[in-house]
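Descriptive analysis of the structure
Below are the chains, spelled out letter by letter.
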Amino acid sequence: QVLDFGALSDGTVVMAMELLTGEDLANKLARDGALRVSEACQLVSHVCAALGAAHAKGIVHRDLKPDNIFIVTDAEAPGGERAKLLDFGIAKMADEFRGSVRTQVNVIMGTPAYMAPEQCRGSKGVGDRTDVYALGCILFENMSSVEKVREPFPTWL
């Protein structure tokens, strides 16, 4: 969450953001292995909500990966944890929102293991489906470790 932004007298641009305490999904998976199905579904629902808000504003993340999903303690969230989506550093506006600003075609940006085919090709068709593809890769990567996933799906689904 951005709390404030502005420029200092010397022209330096600054932005104050909330302080997050927790860990990214990549570290959690490296330490603990696959999440339980219920944990993975809860985490994905939080990321979907964040992506939905970004996509509604015409913003495509383009670098969704476990390193950019941060897990924080949240007593109000089911399971006591909430996922926050970080690092919109290479995000872009979807075609219908960006007006005259253009991203070069044939420029590949993102993390290859989570990139949709059109993103890998550097085509101009990168949009919200690109982020959904990356989230599917993250979920598949988690579910491919079968030790912890043999449980019924949560009833809230």
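Preceding block: the structure.
Residues numbered from 1 in each chain as written. Predicted model: local features only at pLDDT ≥ 70, side-chain atom pairs only at ≥ 80, totals over all residues. Heavy atoms only, no water.

With that settled, consider empty space enclosed by the protein. Under the definition given, this model contains three cavities of 30 Å³ or more. What the second largest cavity holds in volume is close to 50 Å³. At the level of secondary structure, the elements contributing two or more residues to the lining of the second largest cavity comprise α1 (25-32), α2 (37-56) and α4 (128-143). Of the residues contributing to the lining of the second largest cavity, the split by class is eight nonpolar, one polar and no charged. (1 Å grid on protein atoms, 1.4 Å probe; cavity = no way out; pocket = protein on both sides within 12 Å on 5 of 7 lines; lining within 4 Å. Points joined across faces, edges and corners; volume = space filled by probe spheres on them. Helix = DSSP H or I, 4+ residues; strand = E, 2+ residues; numbered from the N terminus. Nonpolar A, V, L, I, M, F, W, Y, C, P; charged D, E, K, R; others polar.)

As a further point, take the sheet that holds strand β6 (residues 81-85). Spatially, the three strands line up as an open sheet ordered β3-β5-β6, and their pairing is antiparallel. Each edge of the sheet is formed by a strand with only one pairing partner; in this case those strands are β3 (22-24) and β6. When the angles between neighbouring strand axes are averaged without regard to direction, this sheet yields 25°. Pairing of β3 with strand β5 (residues 69-73) involves three bridges; the strand directions are antiparallel. Its bridge partner lying in β5, Asp-24 is registered against Phe-70. Against the sheet, α1 touches β3, β5 and β6, its axis set at about 90° to β3. (Pairing = 2+ DSSP bridges. Axes fitted to C-alpha atoms, helices over the stretch in contact; angles between N-to-C directions. Contact = heavy atoms within 4.5 Å.)

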